[in-house]
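# Architecture and fold: a report
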Amino acid sequence: NEKLNFINIFSDSECVLNMAGGRMQAWVKDNKKKILLSSSADVLRNYDESDSKPQDDNSIYGKILLIDQNNSNYEIFSKGHRNTLGLYADINENIILNTENGPKGGDEINLILQGKNYGWDISSYGKKYKSTKNIKNVVDYKLSHEDYGFEEPIFSFVPSIGITEIIKIPNNFSKYWQNNFLIGSMNSKHLFRVKFD
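Residues numbered from 1 in each chain as written. Predicted model: local features only at pLDDT ≥ 70, side-chain atom pairs only at ≥ 80, totals over all residues. Heavy atoms only, no water.

### Details of the environment of D51
Threshold: Here a strand is any run of E in DSSP of at least two residues, a helix any run of H or I of at least four, and the numbering for each starts at the N terminus. For the exposure calls, accessible area comes from a 1.4 Å probe over protein chains only, and a residue counts as buried if that area is under 20% of its type's maximum, exposed if over 50%, partly exposed in between. By definition, residues are in contact when any of their heavy atoms lie within 4.5 Å. Residues adjacent in sequence count toward polar contacts only when both atoms are side-chain atoms; beyond that, a polar contact is any pair of N or O atoms within 3.5 Å, and within protein one must be able to donate a hydrogen and the other to accept it.
Within the secondary structure, D51 is located in the loop between strand 2 (32–38) and strand 3 (63–68). Overall, the relative accessible area of 3% leaves D51 in the buried class. D51 sits 69 residues away from W120 along the chain, and the two C-alpha atoms are 8.4 Å apart. Discounting chain neighbours no more than four positions away, the residues touching D51 are A41, D42, N46 and D121. Among the polar contacts made by the side chain of D51, one reaches the side chain of K53 at a distance of 2.8 Å.

### Observations concerning the pairing of strand 10 (residues 181–185)
Remark: a regular strand shows side chains that alternate across the two faces of the sheet. For clarity, the threshold we go by: At least two DSSP bridges between two strands are required for those strands to pair.
Summarising burial for strand 10: 5 of the 5 residues are buried, a large majority. Of the two faces of strand 10, the one carrying F181, I183 and S185 and the one carrying L182 and G184 are both buried. Pairing analysis gives 4 bridges linking strand 10 to strand 11 (residues 191–194), with the strands arranged antiparallel. Residue pairing for strand 11: F181 is matched across the bridge by V194. From the end of strand 10 to the start of strand 11, which pair antiparallel, there are 5 residues, and K189 there has a positive phi angle of about 60°.

### Some words on the packing of aromatic side chains
Two numbers describe a pair of aromatic rings. These are the distance of the centres and the angle of the planes. Here is the rule we go by: The aromatic pairing rule takes the rings of Phe, Tyr and Trp, using the six-membered ring of Trp, and pairs them if the centres are within 6.5 Å, calling planes under 30 degrees apart stacked, those over 60 edge-to-face and the rest tilted.
According to the stated counting rule, one finds 7 aromatic pairs in the structure shown. Ring geometry for F155 and F157: centres 4.8 Å apart, planes at 70°, overall edge-to-face. On the basis of relative accessible area, F155 is assigned to the partly exposed category, the value being 44%. Here the aromatic residues Y88, F181 and F196 are joined through ring pairs into a cluster of three or more.

### Here's the deal with the sheet that holds strand 9 (residues 163–168)
Picture the strands of a sheet paired through backbone hydrogen bonds; they go either parallel or antiparallel. Formally: Axis lines are fitted through C-alpha atoms, for helices just across the contact stretch, and the angle between N-to-C directions can take any value from 0 to 180 degrees.
Reading across the sheet, the 3 strands line up as 9-10-11 and stay open at both edges, with antiparallel pairing between neighbours. In the strand order of this sheet, the two ends are held by strand 9 and strand 11, each with one partner. The average undirected angle you get between the axes of adjacent strands in this sheet is 20°. In terms of strand pairing, strand 9 meets strand 10 through 4 bridges, oriented antiparallel. Bridge pairing links I167 to L182 in strand 10.

See below:
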């Protein structure tokens, strides 16, 4: 008959209509316990599939936030994210990875670095769902991230796989599967085994 007692660690008054994915992971900065929290962009709300919030430092959406567990203060850890479904954080190795749904195509695996911009809604290897030929003044995304000052994904799935969470497989699982990760696909209902060089 034990009860769980919840406390509010973080809240914000900004609100959007069409939320999608998001993840949380524990992190440590300056020997203080923090929380990494990903928020998605407000995808597919506007007729031209644009969303300025991931590039706007006054918005919490389309970001990975670093939240102080003790006082609820936060900072933008990284920005320019569309829809983070997976967030892996290894404090000892100082590695943060995310898996992110792209638009039509362009699912990404990203190495997350503090202060970096990952390009959404300007750069993507995916395309808009609507045909840009029939909508006046609508252009598709910039394919390159680097040419526009953004971080390139480690890997981009074109066509997209409907990427899901990323998890690290414990090294004691198999001597043949050292430092391996698993990523799910909602489109093909497969698991992808990944090893980074």
